[in-house]
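Observations on the three-dimensional arrangement
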Amino acid sequence: MAPFRSHGQNPRAADPGWLGIEGTVGVVAGILAGSIALVAFGLDSGIEGLASIIVVWRFTGTRTTSSAAERTAQKWVAVSFYLLAPYVAVEAIEKLIEGTAAETSWLGIGLTTGTLVLCPLLGIAKQRIGANLESRATYGEGTQNVLCAILAGAVLVGLAANTLFGL
Ligand SMILES: [Zn+2]
């Protein structure tokens, strides 16, 4: 599996790091601002982080060439996907319709803006890597990052409206 390692740095290593930050900062900023939307976003990033750890596990050591490891990883990524997807859909729609009540957080705005930039890039890169390696686990994990960006966008709209316009 040379393509995966040949770019010098393993892209997988940095990724759970960012998702850990996303989850932790989301929950902390949410608690500070009293924003349920932000706390929920942080928890969502936690699930996303778990999926990325599954894929790191799958491409570690001898598992890199193991199709059994790929199947196991696919199964668990699918489980995390079904935890995440309905939740993201409901949350995002709810937020856009109702808006959020008097929640203001510059930290939250910074975090969701960063997510909106980073997560689609991560997601698209992983989908490309997943297609190259014929790893559906990797591809599916990338899809979760794209979902995450959608949720971040919905949370950001609510936070920005409250912070900038006092809605
Ligand atoms: Zn994310």
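Residues numbered from 1 in each chain as written. Predicted model: local features only at pLDDT ≥ 70, side-chain atom pairs only at ≥ 80, totals over all residues.

Let's talk about the overall build of the chain
For clarity, the cut-off: Working definition: helices are DSSP H or I runs of at least four residues, strands are E runs of at least two. Numbering for both runs from the N terminus. Buried means a residue has 20 or more other C-beta atoms within 10 Å of its own C-beta, exposed means 12 or fewer, and partly exposed covers the counts in between; C-beta atoms are placed from the backbone.
When helices and strands are tallied, the chain shows 6 helices and 0 strands. Listed N to C, the secondary structure of the chain is α-α-α-α-α-α in terms of helices and strands. Looking at the 167 residues of the chain, the share that counts as buried comes to 41%.

Points about the environment of Leu121
Relative to the elements of secondary structure, Leu121 occurs in helix α5 (residues 106–132). A sequence separation of 21 residues divides Leu121 from Gly142, and the C-alpha atoms of the two residues are 9.2 Å apart.

Let's talk about unusual backbone geometry
Leaving glycine aside, a negative phi is the common case for residues, and trans is the common case for peptide bonds. The phi angle at Glu134 is positive, at roughly 50°, despite the residue not being glycine. With 10 C-beta atoms counted inside 10 Å, the residue Glu134 sits in the exposed group.

Focus on the packing of helix α3 (residues 36–58) against helix α6 (residues 136–165)
The test is simple: Here an angle of 0 to 180 degrees is reported between the N-to-C directions of two axes, which are lines fitted to C-alpha atoms, with helices fitted over the stretch in contact. Convention used here: angles under 35 degrees read as roughly parallel, angles over 145 as roughly antiparallel, angles from 65 to 115 as roughly perpendicular, and any remaining angle as oblique. Two helices that cross are described as forming a left-handed crossing if the nearer one is turned anticlockwise from the farther one by less than a right angle, and a right-handed crossing if clockwise. What counts as a contact here is a pair of residues whose C-beta atoms, placed from the backbone, lie within 7 Å. Charged means Asp, Glu, Lys or Arg here, nonpolar means Ala, Val, Leu, Ile, Met, Phe, Trp, Tyr, Cys or Pro, and polar covers whatever is left, Gly included.
Put simply, α3 and α6 touch, their axes get as near as 10 Å, and they point 165° apart. Overall, the two elements α3 and α6 adopt an arrangement that is roughly antiparallel. Crossing of α3 against α6: the hand is left-handed. Together, Ala37, Leu38, Phe41, Asp44, Ser45, Glu48, Ala51, Ser52, Ile54, Val55 and Arg58 of α3 and Ala137, Thr138, Glu141, Gln144, Asn145, Cys148, Leu151, Ala152, Val155 and Gly158 of α6 make up the contact between the two elements. Across the contact of α3 with α6, the residue classes tally to 11 nonpolar, 6 polar and 4 charged.

Observations regarding the nonpolar core
Soluble globular proteins tend to pack their nonpolar side chains together in the buried interior. In plain terms, the rule: One nonpolar core equals one set of buried Ala, Val, Leu, Ile, Met, Phe, Trp, Tyr and Cys residues connected by C-beta atoms within 7 Å.
Counting 21 residues, the largest nonpolar core has Leu38, Phe41, Cys148, Leu151, Ala152 and Val155 as its most contacted members. Sorting the residues of this core by element identifies α2 (11–33), α3, α4 (67–98), α5 and α6 as the ones contributing at least two each. Top element by residues in this core is α6. It accounts for 9 residues. With near-sequence residues (within four places) excluded, Phe41 lies in contact with Gly26, Thr112, Leu151, Ala152 and Val155. Ranked by size, the runner-up nonpolar core spans 9 residues in total, among them Leu50, Phe59, Trp76 and Val77.

Concerning the confidence of the model for the chain
Convention followed: Confidence of the predictor at the level of single residues is given by pLDDT, which spans 0 to 100.
Residue-level pLDDT values for the chain average 83, and 86% of them are 70 or greater. The secondary structure element of the chain with the lowest average pLDDT is helix α1 (residues 2–5), at 44, and the one with the highest is α5, at 92. For residues 1–9, every residue scores under 50 in pLDDT, and the model assigns this stretch 8 contacts once sequence neighbours within four places are set aside.

Looking at the packing of α5 against α6
Each pair of packed helices can be described by the angle between their axes along with the distance between the axes. Running from N to C, α5 and α6 point in directions that differ by 160°, and their axes come no closer than 7 Å. Considering their axes alone, α5 and α6 lie roughly antiparallel with respect to each other. Crossing hand, α5 versus α6: left-handed. Partitioning the contact of α5 with α6 into residue classes produces 18 nonpolar, 13 polar and 3 charged.

Focus on the environment of Val146
Of note, Val146 is situated in helix α6. Spatially, the C-alpha atom of Val146 lies 5.0 Å from that of Pro120, the residues being 26 residues apart in sequence. Those residues in contact with Val146 that sit more than four places away from it in its chain are Pro120 and Gly123.

Topic: the environment of Glu94
Turning to its location among the elements, Glu94 is positioned in helix α4. On the basis of neighbour count, Glu94 is assigned to the partly exposed category, with 14 C-beta atoms found within 10 Å. Residues Glu94 and Ala154, spaced 60 residues apart in sequence, show a C-alpha to C-alpha distance of 9.1 Å.

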